[in-house]
Amino acid sequence: MQFPESWLRAFCNPPLSTRQLADTLTMAGLEVEDARPVAPPFTGVVVGEIKSAAPHPNADRLRVCQVDAGQGVLLNIVCGAPNARAGIRVPCALAGAELPPGADGKPFRIKASKLRGVASHGMLCSARELGISEEHGGLLELPADAPIGQDVRAALNLDDTLLTLKLTPNLGHALSVYGVARELAALTGAPLQAPAWAPVPVTSGDALPVTVAAPDLCGRFSGRVIRGLNSAAPTPAWMVERLARCGQRSVSALVDISNYVMFEVGRPTHIFDRDKIKGGLDVRWGRAGESLKLLNGNTVALDGSVGVIADSASGAVESLAGIMGGDATAVTGATTSVYVEAAFWWPQAVAGRSRRYNFATEAGYRFERGVDPDTTTAHIERITRLILDICGTPQTVCGPVDDQQPNMPKPAPIALRPARVARIIGMPVTPEQCASVFRRLGLPFTQGADALTVTPPAYRFDLTLEADLIEELARLIGYQNLPDAPPLAPITPRVPPARQASPFALRRALAALGYLETINFSFVPQAWERDLAGNAEPIRLLNPLASQMDVMRSSLLGSLLAVVKYNAGRRAGRVRVFELGRVFRRDSGVVTGDADVRGVAQPLHVAGLAWGPVARQGWAGRQPHADFYDIKGDVQALLAARGDAPGAVRFEPAKHPALHPGRSARVIVDGRDAGILGELHPRWAQAWDLPHPPVLFELAADIALARRLPQAQPLPRALAVQRDIAIVVPEAVTHERLMRAIHGADTGGLLRAAALFDLYRPKPDAAASDIHAGEKSLAVRLTLGGQDTLTDEQTDAAVRAVMVCLQAELKARLRG
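As the structure is a computational prediction, the values presented were derived from the model and not from experiment.

Draft legend 1. Representation of the overall build of the protein chain within the structure. A tally of helices and strands in the protein chain yields 21 helices and 41 strands. A compact globule built from 816 residues would reach a C-alpha radius of gyration of about 28 Å, whereas the protein chain, at 43 Å, exceeds it by more than 25%. Seen through its C-alpha atoms, the protein chain measures out along the principal axes to roughly 130 × 80 × 60 Å. Within the protein chain, residue pairs in contact and separated by at least 24 positions form 70% of the contacts whose partners lie at least 6 positions apart. With the model as given, the accessible surface of the protein chain reaches about 40400 Å², and the carbon-plus-sulfur share is 53%. Taken as two groups, the 86 positive and 82 negative side-chain charges of the protein chain have centres that lie 4 Å from each other.

Okay, structure coming up:
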């Protein structure tokens, strides 16, 4: 909301500077977002009257003006403005005047000079040249009674400040200049000049019949008929100026009067052309199939959730209740009879209605927050007086004010306990202090033994709870005066256990592997959950950001696929990305806690995706695309930091809805299911329009972050011994089973490592050998060692222990 400071001080003028006034309002919750001067600084500009304007002898578009600027002599000034004519009063910049800076940022100094051979001793100015507005079609014409020779800044009240307030929705009572002045008086103790408008004499019995058929829409409806007006009368300059400084352009006298009263006292009203109303007015809810052409030219379709004012005779809708009038009954320059309406519309009946039609109005903005229902008739008297003063004629007559009150709001009393106030704001407050604040705010109250009972005035729709009154006390006492008390609650730091690394360790490890981190929404389309996670019952959002982001994700894979699709669509040939984030799954075992919601598990996951060549193209030429084994190697490197014993991390064939059925595996760590990895299913690669499928992994972050505490071990004093064995095993034996059997052998702690270095399968047509059909030969290198040099007996015993274990678990035999 924007308004001039001078208008505010007309109601309440505390002994404060502009900056102090703005700070006082801001600290009380009425944030002053901007305070800027009405006009930029300039000097030497006075009111001048053009006595004559003759054509320039040497230029067709210039005129030579004789100007009385109060200097004792007429000034000869050359002017090119099209409206330069004798008899008007305009801003005159004298020689030596400084005008606002131009494009170069330097003040423009006026000097006596010659223009096309004619002396010019000053400059006649437009509004843009003074920095008042962007209007530059001609000279700025001043009121005919502006004193000649007076400084233009004083004549136009340019030493004023425009205040822009950013008000929260609960401050509907401050959406007017008087409303802000009422708050300022309570804050500073300065006297408030409350407006008092005497009733206009009734000179006619003319009245318009009104029926309020929807009390839940309209709680009070007041109106008056005025006839014999001159609607073409010009709006006074003082009213045009105040409206302009509130950001409202002048339209016509009647419209300007309605807008002026809205900015002045916060009362939106509407003025109908009385002669265009065929019968009476019917205040009701709209009906399906009805439509209305509004004042802004839009035609809107109505239904039963929108309040309207209709013509009782024709049934035609004439206005959107509390939002905007209709074009059919709008006042024009030919209007002679009007019906002035001021009503109280229930906030819940207006809220959100204008947004349905993609526009907003000042009236709807105020009625949504609540407008004083007790002052409709007083404001009609104010509007009537302004109409008579501006548009009245000798034939003007006023009818009586018709006032209907079918459903007035009844504010409920609120009890305030001073002890409760002290607990909330952190400082003791006496009942006398509370009573003083309520008197300053104009809140009626009664005082009891332990509490004060406040009955909110009709215009305070924000006061419904004890907490609202406590807020008023804090505002009036001053937030800056509240004590800075440190919190007394114990704070227990959550120290991460030594067996768990920081999430940043995962980020650094993946970055070292060539991955880039992405951060994505936790809200995803339901189709991702169904297709990629096999989740038929995802957690739904009650109020999604977008219609397609309607569920919480239970897997990170969909987010990474969206990233690779976005980059592939922009010709990125190689993508390596990862995300560390939470997923959300239903779990009835979860109870509400500091960071938990009942019934919802929120584990932290880490997922990665590789798409495109294994490495960037170099001297070796094009690289093959990343495959299952590349992503498996990255997962092994990531889990190697755990420090597990050999065989603790296993990979088992698995099926997953997002992955290729023959190129996917489940990751098992210490017997726990740690996650999955594999190649994207061809069906989804085609659905996501990817030229070749990426490979992905997703792990439980708590498993990936687990660490074994280091234990000191003495360094061996002797070199290790290596023995190679070649064994024949069934074709179904995997590398993982082989390593598990070897490391499970009881070697007395001598086995340090084992590595497979050869795989042999005889050709079908090969000569007879000791490898039968359905078998294969594996060559394994065993690394053995102890603290001292091993003897042959110790080495042989360890190898025999390995063979015993292989024979028992894999049905292996030594190859002959």
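Moving on from the model shown.
Draft legend 2. Structural detail: the sheet that holds strand E41 (residues 813–814). One open sheet holds the 4 strands; their spatial order is E39-E40-E38-E41, and the pairing between them is antiparallel. Edge positions in the sheet fall to strand E39 (751–760) and E41, since each of these pairs with one other strand and no more. Note that strand E38 (residues 721–730) and strand E40 (residues 775–784) share 10 bridges and pair antiparallel. Bridging across to E40, Val 728 finds its partner in Ser 777. The sheet strands contacting helix H20 (residues 735–743) are E38, E39 and E40, and the helix crosses E39 at an angle near 145 degrees. Across the face of the sheet, helix H21 (residues 792–810) comes into contact with E38, E40 and E41 while running at roughly 20 degrees to E38.

Draft legend 3. Quick peek at the pairing of strand E37 (residues 695–700). Burial of E37 is extensive: 6 of the 6 residues sit out of reach of the surface. Side chains Val 695, Phe 697 and Leu 699 of E37 all project onto a buried face; the interleaved residues Leu 696, Glu 698 and Ala 700 project onto the opposite face, where all are buried too. Pairing geometry for strand E36 (residues 672–680) and E37, over 5 bridges, is antiparallel. In the strand pairing of E37, Glu 679 is matched with Val 695.

Draft legend 4. How the structure looks around the pattern of salt bridges. Counted according to the given criterion, the structure contains 44 salt bridges. As a salt-bridge pair, Glu 241 and Arg 245 come within 3.4 Å of each other at their nearest N and O atoms. Here Arg 245 and Glu 241 lie together in helix H5 (residues 237–245), a separation of 4 residues that amounts to about one turn. A relative accessible area of 27% places Glu 241 in the partly exposed class. Residues participating in the shared-partner salt-bridge network are Glu 183, Arg 460, Asp 462, Glu 472 and Arg 475.

Draft legend 5. Highlighting helix H11 (residues 418–425). If you check which residues of H11 are buried, you get Pro 418, Val 421 and Ile 425. Each buried residue of H11 sits inside an arc of 50 degrees when the element is viewed along its axis, so together they form one side. Along H11, the residues that are exposed and aim more than 90 degrees away from the buried face are Ala 419 and Arg 423. At the exit of H11 stands Gly 426, carrying a positive phi of roughly 80 degrees.

Draft legend 6. Spotlight on the nonpolar core. Counting residues in hydrophobic clusters, the biggest one holds 73 residues, and the most contacted among them are Leu 8, Ile 387 and Phe 438. When neighbours within four sequence positions are excluded, Leu 8 is seen to be in contact with Phe 3, Leu 21, Leu 163, Val 177, Val 180, Ala 181 and Leu 184. Within the second largest apolar cluster, 35 residues are counted, among which are Val 210, Cys 218, Phe 221 and Leu 292.

Draft legend 7. Geometry of helix H4 (residues 177–188). An ideal rise of 1.5 Å per residue puts 16 Å on 12 residues; H4 measures up with 16 Å between its terminal C-alpha atoms. Within H4, 11 of the 12 residues are buried, leaving the element largely enclosed by the surrounding structure. Along H4, the residues that are buried comprise Val 177, Tyr 178, Gly 179, Val 180, Ala 181, Arg 182, Glu 183, Leu 184, Ala 185, Ala 186 and Leu 187.

Draft legend 8. A look at the side chain of Ser 777. Turning to its location among the elements, Ser 777 is positioned in strand E40. A polar atom in the side chain of Ser 777 sits 3.2 Å from the side chain of Arg 815. If near-sequence neighbours (up to four positions away) are discounted, Ser 777 is found in contact with Ile 727, Asp 758, Leu 759, Tyr 760, Ile 771 and Arg 815.

Draft legend 9. Expanded view of the sheet that holds strand E18 (residues 307–311). Strand order in this open sheet of 5 strands is E12-E15-E18-E19-E20, and the pairing throughout is mixed. At either end of the open sheet lies a strand with only one pairing partner, and these are strand E12 (210–212) and strand E20 (324–325). For E18 and strand E19 (residues 317–320), the ladder comprises 3 bridges, and the chain directions are antiparallel. In the strand pairing of E19, Val 308 is matched with Leu 320.

Draft legend 10. How the structure looks around the packing of aromatic side chains. This model, assessed by the stated rule, comprises 13 aromatic pairs. Judged by centre distance (6.4 Å) and plane angle (80 degrees), the rings of Tyr 515 and Phe 697 are edge-to-face. With a gap of 182 residues between them, Tyr 515 in the loop between helix H14 (503–512) and strand E27 (516–517) and Phe 697 in strand E37 connect regions that are remote in the sequence. In terms of burial, Tyr 515 and Phe 697 fall into one category: buried. In textbook terms, an aromatic cluster arises when at least three aromatic residues are bridged by ring pairs, as seen for Trp 7, Trp 238 and Tyr 260. The aromatic ring of Tyr 365 is capped on one face by Arg 369, whose charged end is 3.8 Å from the ring centroid. Sitting over the face of the ring of Phe 757, Arg 781 holds its NZ or CZ atom 4.8 Å from the ring centroid.

Each value, and the rule that gives it
- Residues numbered from 1 in each chain as written.
- Predicted model: local features only at pLDDT ≥ 70, side-chain atom pairs only at ≥ 80, totals over all residues.
- Heavy atoms only, no water.
- Helix = DSSP H or I, 4+ residues; strand = E, 2+ residues; numbered from the N terminus.
- Rg over C-alpha atoms; globule rule 2.2 N^0.38 Å.
- Contact = heavy atoms within 4.5 Å.
- Areas by Shrake-Rupley, 256 points an atom, 1.4 Å probe, with all protein chains shown as cover.
- Lys, Arg positive; Asp, Glu negative; His and termini not counted.
- Charge placed at Lys NZ, Arg CZ, Asp CG, Glu CD.
- Pairing = 2+ DSSP bridges.
- Axes fitted to C-alpha atoms, helices over the stretch in contact; angles between N-to-C directions.
- Buried < 20%, exposed > 50% of the residue type's maximum accessible area, 1.4 Å probe, protein only.
- Salt bridge = Lys/Arg side-chain N within 4 Å of Asp/Glu carboxyl O.
- Arc of directions from axis to C-beta.
- Core = buried A, V, L, I, M, F, W, Y, C linked by side-chain atoms within 4.5 Å.
- Expected span 1.5 Å × (residues − 1).
- Polar contact = N/O pair within 3.5 Å; in protein donor to acceptor, adjacent residues only side chain to side chain.
- Phe/Tyr/Trp six-rings, centres within 6.5 Å; stacked < 30°, edge-to-face > 60°.
- Lys NZ or Arg CZ within 6 Å of the ring centre and 35° of its normal.

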